[in-house]
Amino acid sequence: MTVISRRTFLTAAAATGLVAVRGTAPLAKPLGLPIGSQTWPHRALLKQDFPGLLQQLKAIGVEQIEMCSPLGYNDFAALTKGAEVRTIIADHGLTCVSGHFSMKELRERQAESITWAKDAGITQMITATLGAGNNPSLDDVKRAADEYNQIAAAAAKAGIQQGLHNEGFELSTVDGRRTYDVLFELLDPKLVKFQFQMSTISQGFDAAEYFTKYPGRFFSMHLQDWNAQEKKQAAVGKGNIDWKKVFTAAKTGGVKNYFVEQEMEMTKEGVAFLKSLNV
């Protein structure tokens, strides 16, 4: 048996990231979760060179990605073989448990969508919006919620957790209330979890407030920052959002993963910030 000195062990361990070099703090990761990136902002490169995109994301510190379904998103249409997608992602040292699926495909081809998701290793199927218009009646909201509960029930039988993002329809109002809040009352808390879009702060949607108000109802976040003075998006950590407050509240909300959803340069800046954020 070869005996190595303590100094040799520590040098090797530091090189592999097992311990921190003296005077150097270990990299932080908010909530202890993998730093993620949604692939949608990078779809132009994805269409040209999917492995190349993954290599680039890995190089800047991304550990987990979120995909979009080839059955519902044209820019992902070439990635029809879920098992192959899963292998390519793993070969680049990344993981993927979450994906976006259009309402149209979930209405018309849910079984195929579930098959692709399971082949790709995805266990969280999210739709961007229920898409019932920007000026809905309460009946419209109820119909949309009923339909999605049924979709989510079918997904649950297949071992998939269904989720809902918040875009146009969810940001509307109905009978003097935010449609988003009404949906929390109508959607089954076991069947549907929520993914919070941080950029909606531009319309008054405060993530920490929602995570606290609806404990356990969330499982994911899309990260963007907001420059209130210039009224435009900023890279994560470069705007006015209090990220420590957000991530602290996210524990109450039930968040299990988060994805920077911005163009590559902003993603690079955001990932660097997240590496330094200890929450």
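Okay, so let's go over this structure. Since this is a predicted model, take the numbers as computed values, not measurements.

### Remarks on the packing of aromatic side chains
The full count for this structure, using the stated rule, is 22 aromatic pairs. For the pair F184 and F218, a centre-to-centre distance of 5.6 Å together with 50° between the ring planes defines the contact as tilted. Of the two residues, F184 sits in helix α7 (residues 179-186) while F218 sits in strand β9 (residues 218-223), which places them 34 residues apart along the sequence. Side by side, F184 and F218 carry an identical accessibility label, which is buried. Between F196 and Y210 the ring centres are 6.0 Å apart and the planes differ by 40°, which places this aromatic pair in the tilted class. With F196 in strand β8 (residues 192-197) and Y210 in helix α8 (residues 207-213), the pair connects residues that are 14 residues apart, well separated along the chain. Across the pair, Y210 and F196 agree in class, each one buried. What links up through ring pairs into an aromatic cluster is the set Y180, F184, F194, F196, F205, Y210, F211, Y214 and F218. The ring of W40 has R43 sitting right over it, with the charged end atom 3.9 Å from the ring centre.

### Observations regarding the pattern of salt bridges
A full pass over the atoms with the stated rule returns 10 salt bridges. For R109, the salt bridge goes to E112, with nearest N and O atoms at 3.0 Å. Remark: E112 and R109 occur in helix α5 (residues 103-120); sequence separation between them is 3 residues, near one turn of the helix. On the basis of relative accessible area, E112 is assigned to the partly exposed category, the value being 41%. In this structure, R143 engages D140 in a salt bridge whose closest nitrogen and oxygen atoms are separated by 2.6 Å. With R143 and D140 both in helix α6 (residues 138-157), this residue pair falls 3 residues apart, about one helical turn. Overall, R143 belongs to the exposed group, its relative accessible area being 52%. Judged by relative accessible area, D140 falls into the partly exposed class, the value being 24%. Taken together, the salt bridges that share partners define one network made up of R43, K47 and D75.

Parameters and conventions
- Residues numbered from 1 in each chain as written.
- Predicted model: local features only at pLDDT ≥ 70, side-chain atom pairs only at ≥ 80, totals over all residues.
- Heavy atoms only, no water.
- Phe/Tyr/Trp six-rings, centres within 6.5 Å; stacked < 30°, edge-to-face > 60°.
- Helix = DSSP H or I, 4+ residues; strand = E, 2+ residues; numbered from the N terminus.
- Buried < 20%, exposed > 50% of the residue type's maximum accessible area, 1.4 Å probe, protein only.
- Lys NZ or Arg CZ within 6 Å of the ring centre and 35° of its normal.
- Salt bridge = Lys/Arg side-chain N within 4 Å of Asp/Glu carboxyl O.

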